[in-house]
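Letter by letter, the chains look like this.
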Amino acid sequence: MSGASVVPVITVDGTSGSGKGTLAALIAKRLGWHLLDSGALYRIVAAVGLARGIDLQDASQLASAVASLDIKFHDAGVVVDGQELGLRIREEAVSSGASVVAALTEVREAVLDIQLAQRRPPGLVADGRDMGTVVFPDAPLKIYLDASLEARAERRYKQLIDKGLAANLLALLAGLQDRDQRDKGRTVSPLKPAPDAFIIDSTSLSIDAVLALTLERAHAIGLV
Ligand code: DC
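Note on numbering: residues in each chain are counted from 1, in written sequence order. Local features in a predicted model are, by the rule used here, given only for residues with pLDDT of at least 70; side-chain atom pairs are given and counted only at 80 or more, and totals for whole chains, interfaces and linings are based on all residues. With hydrogens and water excluded, all non-hydrogen atoms of the structure serve as input to the side-chain values.

## A look at the site of the ligand
Here a residue is considered near a molecule or strand provided that any single heavy atom belonging to it is located within 4 Å of it. For the ligand, the set of nearby residues contains 17 residues, the closest of which are Arg 43, Arg 129, Asp 130, Arg 179 and Arg 186. Any pair of nitrogen or oxygen atoms within 3.5 Å is treated as a polar contact; in protein, a donor-acceptor pairing is required on top of that, and neighbouring residues in sequence qualify only through side-chain atoms on both sides. Within the side chain of Arg 108, a nitrogen or oxygen atom sits 2.9 Å from an oxygen atom of the ligand. Side-chain polar atom of Arg 179 to an oxygen atom of the ligand: 2.7 Å apart, as the coordinates give it. Isolated, the ligand exposes 440 Å² of accessible area, and the fraction of that covered by the protein chains is 94%. In terms of residues, the shell around the ligand owes the most to one element, helix α2 (residues 38-51), which gives four residues. Following the grouping adopted for this structure description, the nonpolar residues are Ala, Val, Leu, Ile, Met, Phe, Trp, Tyr, Cys and Pro, the charged ones are Asp, Glu, Lys and Arg, and the polar ones are all others, Gly among them. Of the residues contributing to the shell around the ligand, the split by class is four nonpolar, four polar and nine charged. Here the accessible surface of atoms and residues is derived via Shrake-Rupley with a 1.4 Å probe, and residues count as covered only by protein chains that are part of the display. Helix and strand labels come from DSSP, where a helix needs a run of H or I of at least four residues and a strand needs a run of E of at least two; each type is numbered from the N terminus.

## Some points on the environment of Arg 108
In this fold, Arg 108 is placed in helix α5 (residues 105-116). Burial classes follow relative accessibility: with a 1.4 Å probe on protein chains only, a residue under 20% of its type's maximum area counts as buried, one over 50% as exposed, and anything between as partly exposed. Taking relative accessible area as the criterion, Arg 108 reaches 8% and is therefore assigned buried. Between the alpha carbons of Arg 108 and Ser 189 there is a distance of 8.7 Å; along the sequence they are 81 residues apart. Two residues qualify as a contact provided that any one of their heavy atoms is within 4.5 Å of a heavy atom in the partner residue. Once residues lying within four places of it in the same chain are set aside, the contact partners of Arg 108 are Tyr 42, Ala 102, Asp 130, Arg 186, Val 188 and Ser 189.

## Considering unusual backbone geometry
Residue Pro 122 is bonded to the preceding Pro 121 through a cis peptide linkage, with omega at 5 degrees. Take Pro 122: it is sitting in the loop between α5 and β6 (124-128). Even without being glycine, Asp 81 reaches a positive phi, approximately 45 degrees. With respect to the helices and strands, the residue Asp 81 is situated in the loop between β4 (77-80) and β5 (83-84). With relative accessibility at 41%, the residue Asp 81 sits in the partly exposed group.

## Concerning the sheet that holds β4
Across the sheet, which stays open at both edges, the three strands sit in the order β3-β4-β5 with antiparallel pairing between neighbours. Edge positions in the sheet fall to β3 (71-74) and β5, since each has one partner strand and no second. Strands qualify as paired when DSSP identifies two bridges or more between them. In this structure, β4 lies alongside β5, joined through two bridges in antiparallel fashion. Across the sheet, residue Val 79 finds its bridge partner in β5, namely Glu 84. Its contacts with the sheet place α2 against β3 and β4, and it is angled at close to 130 degrees to β3. Each axis is a line fitted through C-alpha atoms, taken for helices only over the stretch in contact, and angles between the N-to-C directions span 0 to 180 degrees.

Purely geometric numbers; function is a separate question.
Shown next, in the form of structure tokens:
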């Protein structure tokens, strides 16, 4: 067993809007572990592809671009080749581009090395769609977080309204349903719970309750 493979990992996979990003960040903060936002990597690939005029279906050009990128995550965002991209990667064009590039095997392979390199002591919390199934299958704790489509859409709606932004509940519902279908239906690394995942349905749970369940589980298996 290599040194890296004994560094503990908690994976947090699940549907869009289930709260997994928030949960992963809270666990990492509580335990003082590193955090991997793997979705941000696919967003970065899309943003770089768009900026360089690369066709987002061109797997080999995108994969070779990934190999040469210098990516540094920091608290408030991410710096890629010296340029802050934290806000850019959350834009709509990049979000939809991310789901296109995420379906390409060569891109997923190129991103795999970056993900594995994040496994550093004292531990890693990895958030995404295939963290427990493909990237860290030996993780001792795998969370799969889900919530009803309606609950996820309502949460998004409230977040947007609270920020003073326009929001349409029906459009949000349709958008989430599309992303669910793309994430679960693709052939490469589809979203699904790992066989040994701890499945949490957060439809009627607060994020604090979900965090408490996760930490209880981590204690119960002697991880923390
Ligand atoms: O979690 P997110 O919305 O930031 O993810 C952006 C896109 O990347 C989304 O289309 C799902 C995809 N993704 C993936 O395929 N595998 C991951 N491990 C993480 C995200």
